[in-house]
Structure formats: structure tokens, C-alpha cells
Amino acid sequence: MSATSAKAAPSVYILTMGCAKNEVDSASMARSLKAAGYRMADDAAEADAVIVNTCSFIQSATEESIEAIFEAASLPRMEEGSAALIVAGCMPARYGDDLSEELTEARAFVPCSREDDIVAVVEGLVGPAEPAGNVPPDVAESAHTFAYVKISDGCDRFCSYCTIPFIRGRYRSFPYEDIRAEVAREVAAGTREIVLIAQDTGRWGDDLEGGRDLAWLVDALAEEFPDTWLRVMYLQPEGVTDRLLSVMAARENVCSYLDIPLQHVDDGILRAMNRTGNAAEFRALIERIEAAVPGVTLRTTLIAGFPGETEEQFEELLDFVSEGLFHYIGVFPYSREEGTRAYKLPGQLDEEEKAERAQILRDAADAACAPRIAERIGGAARVLVEGAEEDGQRFGRAQCQAPDVDGVTYVSHGEPGDIVDTVIADTLLYEMEGE
Ligand code: SF4
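Residues numbered from 1 in each chain as written. Predicted model: local features only at pLDDT ≥ 70, side-chain atom pairs only at ≥ 80, totals over all residues. Heavy atoms only, no water.

Caption draft 1: A look at the pattern of salt bridges. The tally for this structure, following the rule as stated, stands at 32 salt bridges. With a closest N to O distance of 3.3 Å, E238 and R157 form a salt bridge. Remark: R157 occurs in the loop between β7 (152-153) and α7 (164-168) and E238 occurs in the loop between β10 (229-232) and α10 (242-250); sequence separation between them is 81 residues. Take E238: its relative accessible area is 43%, and that puts it in the partly exposed class. One salt bridge in this structure joins R243 and D213, with 3.0 Å as the shortest N-O distance. You can see R243 sitting in helix α10 and its partner D213 sitting in the loop between β9 (193-197) and α9 (214-224), a full 30 residues away along the chain. For D213, a relative accessible area of 23% puts it in the partly exposed group. Linked by salt bridges that have partners in common, D25, K150, D153, R168 and R172 make up one network. (Salt bridge = Lys/Arg side-chain N within 4 Å of Asp/Glu carboxyl O. Helix = DSSP H or I, 4+ residues; strand = E, 2+ residues; numbered from the N terminus. Buried < 20%, exposed > 50% of the residue type's maximum accessible area, 1.4 Å probe, protein only.)

Caption draft 2: Inspection of the environment of A368 at higher detail. With respect to the element layout, A368 can be found in helix α14 (residues 351-374). Given the relative accessible area of 11%, A368 is considered buried. With 41 residues separating them in the primary sequence, A368 and H327 have C-alpha atoms 8.1 Å apart. The contacts of A368, once residues within four sequence positions are left out, are V321, S322 and G324. (Contact = heavy atoms within 4.5 Å.)

Caption draft 3: Fine view of the nonpolar core. Y161, L196, L214, L217, L221, L258 and I289 are the most contacted members of the largest nonpolar core, which totals 93 residues. Per-element accounting of this core gives the leading share, seven residues, to α9. In this structure, this core is formed jointly by two domains, domain 2 (146-374) and domain 3 (380-434), each of which donates at least three residues. Excluding residues that lie within four positions of it along the chain, L221 makes contacts with Y176, I179, R180, V183, L196 and L230. M17, A61, A68 and L99 belong to the second-largest nonpolar core, a separate cluster that totals 21 residues. (Core = buried A, V, L, I, M, F, W, Y, C linked by side-chain atoms within 4.5 Å. Domains from an automatic or database assignment.)

Caption draft 4: Main features of α14. Under the 1.5 Å per step criterion, the end-to-end length of α14 is 34 Å for 24 residues, consistent within 8% with the ideal 34 Å. Buried within α14 are the following residues: K354, R357, A358, L361, A364, A365, A368, C369, R372 and I373. Where the residues of α14 are buried, they touch α12 (279-292), β12 (297-304), α13 (311-322), β13 (328-333), β17 (419-428) and β18 (431-434). (Expected span 1.5 Å × (residues − 1).)

Caption draft 5: Structural context of the site of the ligand. The environment of the ligand is formed by C155, R157, F158, C159, Y161, C162, I164, P165, Q199, Q236 and R275. Partitioned by chemical class, the residues of the shell around the ligand number seven nonpolar, two polar and two charged. (Near = heavy atom within 4 Å. Nonpolar A, V, L, I, M, F, W, Y, C, P; charged D, E, K, R; others polar.)

Caption draft 6: Geometry of the sheet that holds strand β3 (residues 49-54). The five strands are arranged β2-β1-β3-β4-β5 in an open sheet whose pairing can be described as parallel. What marks the edges here is a single partner per strand, and that holds for β2 (39-40) and β5 (108-111). Relative to strand β4 (residues 84-89), β3 is paired through six bridges, and the arrangement is parallel. Each residue of the ladder has a partner; that of V52, found in β4, is V87. Set on the sheet, helix α2 (residues 59-73) makes contact with β1 (11-16), β3 and β4; between it and β3 the angle comes to about 175 degrees. Helix α6 (residues 118-126) rests against β1, β3, β4 and β5 of the sheet, and its axis sits at about 165 degrees to β4. (Pairing = 2+ DSSP bridges. Axes fitted to C-alpha atoms, helices over the stretch in contact; angles between N-to-C directions.)

Caption draft 7: Quick peek at the sheet that holds β13. Taken in spatial order, the three strands of this open sheet run β11-β12-β13, and their pairing is parallel. Each having just a single partner strand, β11 (257-259) and β13 make up the two edges of the open sheet. Taking the axes of each pair of neighbouring strands and ignoring which way they run, one obtains an average angle of 15 degrees across the sheet. In terms of strand pairing, β12 meets β13 through six bridges, oriented parallel. Among the inter-strand pairings, A304 is bridged to a residue of β13, identified as P333. Docked against the sheet, α14 engages β12 and β13, running at close to 180 degrees with respect to β13.

Caption draft 8: Quick look at a negative patch on the surface. A surface patch of negative charge is lined by E63, E64, E67 and E71. E64 gets classed as partly exposed once you look at its relative accessible area, which sits at 49%. (Patch = residues over 30% accessible without salt bridge, like charges linked within 9 Å, V, L, I, M, F, W, Y side chains within 5 Å. Areas by Shrake-Rupley, 256 points an atom, 1.4 Å probe, with all protein chains shown as cover. Lys, Arg positive; Asp, Glu negative; His and termini not counted. Charge placed at Lys NZ, Arg CZ, Asp CG, Glu CD.)

Caption draft 9: Seen up close, the pairing of strand β14 (residues 380-388). Inspection of the sheet shows β14 paired to β17 by five bridges, in the antiparallel sense. Across the sheet, residue V383 finds its bridge partner in β17, namely V420. In sequence, β14 turns back onto strand β15 (residues 394-398) through a hairpin of five residues, with G392 there showing a positive phi of about 95 degrees.

Caption draft 10: Geometry of the domain arrangement of the chain. One can read the domain layout of the chain as domain 1 (11-126), domain 2 (146-374) and domain 3 (380-434). Relative placement of domain 1 and domain 2: their C-alpha centres are 28 Å apart. Opposite the 15 residues of domain 1 that make contact, domain 2 presents 17 residues. In total, about 1,400 Å² of surface goes out of reach between domain 1 and domain 2, with carbon and sulfur atoms giving 57% of it. Our enumeration of links across domain 1 and domain 2 arrives at four salt bridges. Notably, a salt bridge pairs R168 with D25, separated by 2.9 Å at the nearest N-O pair. Between the two partners, domain 1 and domain 2, sit eight residue pairs in polar contact (both at pLDDT 80 or more). At the level of secondary structure, the elements contributing two or more residues to the side of domain 1 that touches domain 2 comprise α1 (20-35) and α4 (90-95). The element best represented in the side of domain 1 that touches domain 2 is α1, accounting for seven residues. (Buried area = accessible area lost by both parts, 1.4 Å probe. Polar contact = N/O pair within 3.5 Å; in protein donor to acceptor, adjacent residues only side chain to side chain.)

Structure follows, in C-alpha cells:
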């Protein structure tokens, strides 16, 4: 009998800051690390390496990431030097070498573009692990009710307020085969809804051979995975093609849901943002969508207090919001980011004014959206059950509710992952209650 006892593989903890796109990147790093034999720790304090996957697209996100880095750096194992801190993602991409001078607590910096090298970085800091023979590479680790799948990275639009093109680089569509494999892995693990994300989903395929576009991609996935819901987020107005609307109208498993960031509706502000469109064009777009996809749910995001935004321009935005064209509206105060063109624009508003305008818009959005949600009372809905409250009350999401942003629907029965039929009995602002 051998007296040798197996040494446990080094463990890694990943803390994800920011948006769903970062969650996808963290999941991908975790998969690579597990395939290389590393264990994923449940507790940062126990881990041999802690990766903070940072967000820094606006100042407040950067500050939250810095706080998380300092918190990780103060863990006992970090202080005694027996664990390594790795800063990954958007912050190293945005700040480059400046960061290593500022954050001496970190042992390595891995920008988004180098996250494929994470295994080598971890190995260099905590030593090698035995490759795991028992993790099938084509099955996701654990079932969730929904999963985000990235279809591209980067952005070429250079909206004047946005740091993303500098952080994430130029637009790159991921090949269909990779997206399909990712969806198949999730579906095999029991995931019931796939949320397709990117900085700009509507451009998918532009840079690939073969003339495929987003409509083709969604149709192909919907055909191959008929029992899985598909949802498209972050679709710029130019990406709303008639072909995509037909796929959405024809396929039951493609959510009749569009998330179209408009950011503003005034011509002058949109030009200063380096974006296109105006209120009249957006109204026409919504009319076209509603004619093609009856019952469609619409979400948008808006920025309040862009440099030079006059009272009149703000009022125009407020009036547009009050028309009740959307079911869900995300409102953000303009964030002045160094390195962007808008940073240098005249007419910067003070923080208090921006926050006040954002709050006025949010209140107007709630007042305009609540009746749109209430229109669903009496209508049938299929609900993907996601969990239960402590008292046993089940909740989930209907196709008209995107994960993380649109609230939930309460239902009487079902287990996580079940899709149950209900009739909407009541609504309370964004929450819905099934019979
Ligand atoms: S489209 Fe989105 S990610 Fe691209 S530059 Fe504009 S705001 Fe940034």
C-alpha cells in the first residue's frame, strides 16, 4: 500500500465586478482553470489565488473594483504572503502599466485581451496542478436557469462618452461554431434560457465570411435548441432588421423582447454623443417593431446630463419617456471619463444637477412604464421558474422579463428550471403575479 497522500490542487477564487459580459469572461477563466486541474474555492479567504475581474467603464465602477481589490488584499493569507492576488479585466486594459505602480498589492495584471493566458499566470504564481480528467469539456459545470453567452467583443462605434472601445478594442464577432458550442454546453447542463450579449449584438457577422447576420444566428440557434429560450440584449437601433423581427415573430422560443439603447432623443445631443437618430426616427422604429412583432416588450437606456444638455433638450427627453413607448427604461447620469471625447466638451454639468436630472427621468420612467406592465393583467404568460422565497412562494421570469433587470413573476408552483403556464393576475410596478 502506498503511503503517499495526494496533495490537494491549488485553489482559485474569482470575484466578478460589473456587467454580464464580465460574468461570461469569469466563467470562461474558471473553465480553463478547472480543466487545468485547479480547484475553484467557495471562499476567497481559503484560496491560493484570488482573481478580481474588474470593471472600469465608468468612474464609479472603477472605484468599486478598487475597493474589492483592497478587500481581497487584506485577507489574512494575502497579508502573510501565502496567496496571490491577480487583477484582471477592464482595469488593467484601461490603465495599463499605471496600475502596477498604484496597486502594488497585486502580483499580476491580466487585461481582457490576455484572459486566455490565465492558466499560465496562475501557474506562475501558485504552481502547477494536475489536469482534471473528470470534467467533460463540453458540459457546463452546473445548471442555472439562464446563462449569458457572448457573441462578440469590442466596439467600433466610439460613442463620445464611452470607454469601451479603448478597453475592449475593435469589434470582433465570435465564430458561429464557438457560440453554438457554448450554447450546447449550457443546454446540456439544463440551462433553459440563453441571453445573447455583446457590446453591440446587431453587428454580429459583419466581420465574418459568409454573409451571416444576427437574424441568421438567432434563427439557427432557435432551430437547433427548440426547448431553450433565446433573448438578444444590447441591440443598437441600426441593428433592428426586418429579418430579425421576422425570426422573433415566427419562433416561439425567441423572446419577443428588444433592448435598444437610445441614450437620448435630441438630435444635437445624439450628434455630440457620436450617435445617430432623433425622437421622430425612434418613434418610427418602435412602430415598425410593434407592427412586425405584436406584443413585443421594449427596454432602453438613457443618459441624463450629457455635457451641454439644455433645459429644453432635457425636457424633450422627459416628454419622450412620458409617451410610454417602452416597458423598461434604465437611466444613468452622464459620467465624465478621461480619455473620451465627451470629457473635453464644454458645458459639463455638476454632479448634483446630473443626479437630479437622472432622478427626474427615473420617476417619469416609472410613471410611464408601470401602466405598460399593468396592460399584461389578464394575459397568459409562460414563466421560467427560478427559485422560491423563504415562505415557499415560487418566482421566475416571463419571456417579457430579462434576467437581472426587469423584475420577476410570482407563480404558485414549479421547480427551478420548469416552464409553467400562468395568467397574470396583478402587477406592482415591475413585478408580476401569476394566478
Ligand atoms: S455602442 Fe455601446 S459600447 Fe460601443 S461605444 Fe457606444 S456605448 Fe460604448
